[in-house]
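This is what each chain is made of:
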Amino acid sequence: VSFAVLVTFKETQGVEVGEIQTLQHDVSGTLHVINSTTLFIDNFNFDGVGLSTFLYSYAPGQSVDSFGGGNIIPVPQPQGNSDGSLQRRRFNDEDIILPLPTGMTACDIAELTVWCAPFLVFFGRISIPRDIFENDGADPCTVIGATNVIPTEPPEFDNC
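Not measured: the values here are computed from a predicted model.

Visitor: Can you walk me through the nonpolar core in this structure?
Guide: It is characteristic of soluble globular proteins that their nonpolar side chains tend to be buried jointly. Grouped together as the largest cluster of nonpolar side chains are 32 residues, with contacts concentrated most on Leu 39, Phe 44 and Ile 73. Residue assignment for this core shows that the elements contributing at least two residues are strand S2 (15–19), strand S4 (28–35), strand S5 (38–46), strand S8 (91–99), strand S9 (111–116) and strand S10 (121–127). Per element, the largest residue contribution to this core is four residues, and it comes from S5. Excluding anything up to four places from it in sequence, Ile 73 contacts Leu 39, Leu 55, Ser 57, Gly 84, Leu 98, Pro 99, Leu 100, Pro 101, Met 104, Ile 109 and Leu 112.

Visitor: Explanation requested: the pairing of S4 in the structure shown.
Guide: Successive residues of a regular strand alternate their side chains across the two faces of the sheet. Counting buried residues along S4, seven of its eight residues qualify, which places the element largely inside the surrounding structure. In the sheet, S2 pairs with S4 via four bridges, with the strands oriented antiparallel. Bridge assignment links Glu 19 to a residue of S4, and that residue is Thr 30. With antiparallel pairing between neighbouring strands as the criterion, S4 and S5 make up a hairpin whose turn holds two residues.

Visitor: Explain the sheet that holds strand S7 (residues 71–73) here, please?
Guide: Sheet strands line up and pair through hydrogen bonds in the backbone, either parallel or antiparallel. Read across the open sheet, the five strands follow the order S3-S10-S9-S6-S7; overall the sheet is antiparallel. Taken across any chain shown, the strands that pair with only one partner, and hence form the sheet edges, are strand S3 (21–22) and S7. Sheet topology note: the strand S6 (residues 53–58)/S9 ladder contains six bridges and is antiparallel. Following the sheet pairing, Leu 55 is matched in S9 by Val 114.

Visitor: Looking at this structure, I do not really get unusual backbone geometry. What am I missing?
Guide: Of note in this structure, Asp 26 is not a glycine but carries a positive phi near 60 degrees. Within the secondary structure, Asp 26 is located in the loop between S3 and S4. Its relative accessible area of 52% is what places Asp 26 among the exposed residues. The phi torsion at Leu 120 lies on the positive side, around 50 degrees, for a residue other than glycine.

Visitor: Looking at this structure, I do not really get the packing of aromatic side chains. What am I missing?
Guide: Considering all chains together, one arrives at five aromatic pairs under this definition. A centroid spacing of 4.5 Å and a plane angle of 35 degrees characterise the contact between Tyr 56 and Trp 115, whose relative ring orientation is tilted. With a gap of 59 residues between them, Tyr 56 in strand S6 and Trp 115 in strand S9 connect regions that are remote in the sequence. Each member of the pair, Tyr 56 together with Trp 115, is buried. Site record: aromatic cluster; members linked through ring pairs are Tyr 56, Tyr 58, Trp 115 and Phe 122.

The rules behind each value
- Along each chain, numbering runs from 1 in the same order as the chain's sequence is written.
- In keeping with the model being predicted, local features are shown solely for residues with a pLDDT of at least 70 and side-chain atom pairs are shown and tallied solely at 80 or more, while totals for entire chains, interfaces and linings include all residues.
- With hydrogens and water excluded, all non-hydrogen atoms of the structure serve as input to the side-chain values.
- Grouping buried Ala, Val, Leu, Ile, Met, Phe, Trp, Tyr and Cys residues that are joined through side-chain atoms within 4.5 Å yields what is termed a nonpolar core.
- The buried label applies to any residue whose accessible area, calculated with a 1.4 Å probe on protein chains only, is under 20% of its type's maximum; exposed applies above 50%, and partly exposed to all values in between.
- The numbering of helices and of strands both runs from the N terminus, where a helix is a DSSP run of H or I of at least 4 residues and a strand a run of E of at least 2.
- Whether two residues are in contact is decided by their heavy atoms, any of which lying within 4.5 Å being enough.
- Strands pair, by our definition, only if DSSP identifies at least two bridges between them.
- Any two of the Phe, Tyr and Trp rings considered here, Trp counted by its six-membered ring, make a pair once their centres fall within 6.5 Å; the pair's planes then place it as stacked at under 30 degrees, edge-to-face at over 60, or tilted in between.

Written as structure tokens, this is what we have:
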């Protein structure tokens, strides 16, 4: 089981992919690839409105508009629901480290979305360019310029 951790550090490590496109509900943030198995969203925002809202990934060549066949990247409790959803919770400029689910690498993700499952609506999305990977589609997946060091500052949780 993989879990994400909300932390307060501002040392960006890895490769900056870019800004998450805001489509609805004030979703924004900057996506980074720390290493082949860890993503980082800097200054994540979401107004908390939306039922069963998930971070959802799509593989290279997969139709993002098909609303199926992708993978949920879980957000942890207490910030996320037990199902990994964003739990109708407001996020204000929060940093999120996202260990990818077992068996998934950053090379397996062409697009990351904030997705409302019941209404099949994207609240935000960002494409991950293939040129940040040295061995795209190969094993091991290598991220060009990544430090492969996961920040170790202790997490800070709200409402604990």
